[in-house]
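# Chain and residue survey
Each chain, written out:
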Amino acid sequence: MTAVLTDPEEAVAGIADGSTVLIGGFGMAGMPVQLIDALIRQGATDLTVVSNNAGNGDTGLAALLAAGRVRKMICSFPRQSDSWVFDGLYRAGKIELEVVPQGTLAERMRAAGAGIGAFYCPTGVGTPLAEGKETRTIDGRDYVLEYPIKGDVALVGAHAGDRMGNLVYRKTARNFGPVMATAATLTIAQVHHVVETGELDPEAVVTPCIYVDRILDLSATEATP
Amino acid sequence: MKTTVKTTVKTVEHLGRGPLGRDELAALVARDIPPGSFVNLGIGQPTTVADHLPAGSGVVLHTENGMLGMGPAARGDDIDPDLTNAGKVPVTELPGASYFHHADSFAMMRGGHLDVCVLGAFQVSERGDLANWHTGAPDAIPAVGGAMDLATGAKQVFVMMTLFTKEGTPKLVPECTYPLTGLACVSRVYTDLGVFHIGPHGVTVVETYGTSVADLASRLEVAVRPLGQEE
């Protein structure tokens, strides 16, 4: 049963030190900023964070990094024009980095959510990112063995949800959200508004409620003046 | 024994002019994208190819962050923070657009559904190996993004780059010295000085700009042949 909450503190309650946290978003599109801000106040530390980027500017994931709560980043593209928080921590040796090709990052989480033990992937064969990994030739093509990435927690930014926990997204803010929602023990989604059960078109639901544990309804805080 | 395959198609040497400018290079790549293709344009210079696709080409642009049918950059009231391209630049959607999550977006690449991707490069080898994600410098922060997935997955990989670095070092090389992005994946290289095809017969010069095949051959360590003389 999905809990629909309006208090960000309640939404992130219980996240333990040392957790692996999957954080949605591609740059700032789809980034669950209010959940991250609540996680900073909640205080969990020694986190492993899995996200496409390693923070933009000073808000969202960048603020979590700046607060010193992240031990390790697993991402595809940390270095950006506005990733100064991560860059500083990395150059000072204060954060560990695992770089994963973007599609492999998504597929490793998809595998975790789908109960796949590991998969052979052609991406990265013959490159430094395949070093030390098992390889296999299948039907004349070379593949690298990749393992799932399972989260203790997923923080996802969706557009709207219903009271059962079904989610819909908006445009390219969808990105990693639906994949991460399947791949964590505890999935928490923030949405711009919550509708009554039955109001979302069942054909249009992207993340079915079975994957969602808590929804943070932002409509009260985002109400336009 | 080597045999020379003669064809009627000849390399075109554009000698009465200088090298291609950036816009001219983008236009050249756009010219060679087959109508109706599904295409991914990499971050940076490759993105500008979209500005040169002829109206009615039927080319459908894919962006790795989950969209087919991407339109031009958004301006003014059209800017929507939920609608960006791979470079996080606000863009627009065209009629017939669709959205999908990241695992689907990269399944499209890896599964061989994209016809063409256009990428920048630090180096391309004569076998078509690509190096475009990391200089290997000790203080560089590695960041790969979708480069390896695109290089491995698209049916055809076009590279857009200058042929030489600012220091004059060739970027079309016998072996890449920078960390690799993908093996034997590049089929065409578009540069300011000429267009190259990479195939089982090695590197062929299709066109030159402001220089000759003979001059390029003398400045590169890679064996380059004019069209019609592939071995």
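Residues numbered from 1 in each chain as written. Chains lettered and ligands numbered in written order. Predicted model: local features only at pLDDT ≥ 70, side-chain atom pairs only at ≥ 80, totals over all residues. Heavy atoms only, no water.

## As for the overall build of chain B
- Tallying secondary structure elements over chain B gives four helices and 14 strands in all.
- A compact globule built from 231 residues would reach a C-alpha radius of gyration of about 17 Å, and chain B, at 18 Å, matches this within 12%.
- Projected onto its principal axes, the C-alpha positions of chain B cover 60 × 45 × 35 Å.
- By the burial criterion, 55% of the 231 residues in chain B qualify as buried.
- Considering only contacts within chain B whose residues lie at least 6 apart along the sequence, 62% involve residues at least 24 apart.
- Put simply, chain B shows about 10100 Å² of open surface, and 56% of that area lies on carbon and sulfur atoms. (Helix = DSSP H or I, 4+ residues; strand = E, 2+ residues; numbered from the N terminus. Rg over C-alpha atoms; globule rule 2.2 N^0.38 Å. Buried < 20%, exposed > 50% of the residue type's maximum accessible area, 1.4 Å probe, protein only. Contact = heavy atoms within 4.5 Å. Areas by Shrake-Rupley, 256 points an atom, 1.4 Å probe, with all protein chains shown as cover.)

## Topic: the interface of chain A and chain B
- Across the boundary between the two partners, chain A contributes 43 residues, which contact 37 residues of chain B.
- When the two sides are added together, the surface that chain A and chain B hide from each other amounts to roughly 3300 Å², 61% of it contributed by carbon and sulfur.
- Looking at the side of chain A facing chain B, the largest losses of area belong to A:Phe26, A:Lys171 and A:Thr172, adding up to 20% of the total buried there.
- Put simply, chain A and chain B have three salt bridges between them.
- Taking the shortest distance from any N to any O, the salt bridge between A:Arg170 and B:Asp82 comes out at 2.9 Å.
- Linking chain A to chain B there are 20 residue pairs in polar contact (both at pLDDT 80 or more).
- Going through the elements one at a time, helix H4 (84–91), strand S5 (96–99), helix H5 (102–114) and helix H6 (177–182) of chain A are the ones with two or more residues in the side of chain A that touches chain B.
- Across the side of chain A that touches chain B, the residue classes tally to 20 nonpolar, 14 polar and nine charged. (Buried area = accessible area lost by both parts, 1.4 Å probe. Salt bridge = Lys/Arg side-chain N within 4 Å of Asp/Glu carboxyl O. Polar contact = N/O pair within 3.5 Å; in protein donor to acceptor, adjacent residues only side chain to side chain. Nonpolar A, V, L, I, M, F, W, Y, C, P; charged D, E, K, R; others polar.)

## Remarks on the environment of A:Val206
Residues and elements named next belong to chain A.
- You can see Val 206 is positioned in the loop between strand S13 (193–195) and strand S14 (214–217).
- Look at Val 206 and you get partly exposed, because its relative accessible area is 24%.
- It is 7.7 Å that separates the C-alpha atoms of Val 206 and Asn 166, two residues lying 40 residues apart in sequence.
- Not counting chain neighbours up to four residues away, the residues in contact with Val 206 comprise Leu 167, Tyr 169, Arg 174 and Pro 178.

## Structural notes on unusual backbone geometry
- Phi is positive for A:Lys171, close to 50°, though the residue is something other than glycine.
- Summarising the element assignment, A:Lys171 is placed in the loop between strand S11 (167–168) and H6.
- A positive phi angle, near 40°, is found at B:Ala184, a position not held by glycine.
- Here B:Ala184 shows up in the loop between strand S10 (172–173) and strand S11 (186–191).

## Thoughts on the pairing of S11(B)
Residues and elements named next belong to chain B.
- Burial runs high along S11: six of the six residues are buried.
- Summarising the sheet, strand S9 (residues 156–161) and S11 pair through five bridges and their orientation is parallel. Bridging from a neighbouring strand, Met 160 pairs with Tyr 190 of S11.
- Judged from the three bridges that link them, S11 and strand S12 (residues 194–199) form a sheet pairing that is antiparallel. (Pairing = 2+ DSSP bridges.)

## Observations concerning the sheet that holds strand S7 (residues 123–125) of chain B
- Pairing is mixed across the open sheet formed by three strands, whose spatial order is S8-S7-S10 (chain B). Sheet topology places strand S8 (130–131) and S10 of chain B at the edges, where each strand pairs with a single neighbour.

## Comments concerning the pattern of salt bridges
- A full pass over the atoms with the stated rule returns 18 salt bridges over all chains.
- Note that A:Arg41 is salt-bridged to A:Glu9, the shortest N-O span being 2.9 Å. Taken as a pair, A:Arg41 in helix H2 (residues 33–42) and A:Glu9 in helix H1 (residues 8–11) lie far apart in primary sequence, 32 residues in all.
- Residue A:Arg41 is classed as exposed on the basis of its relative accessible area of 52%.
- Between B:Arg31 and B:Glu207 there is a salt bridge whose closest N-O contact spans 2.9 Å. Of this pair, B:Arg31 sits in helix H1 (residues 22–31) while B:Glu207 sits in strand S13 (residues 202–209), and the two are 176 residues apart along the sequence.

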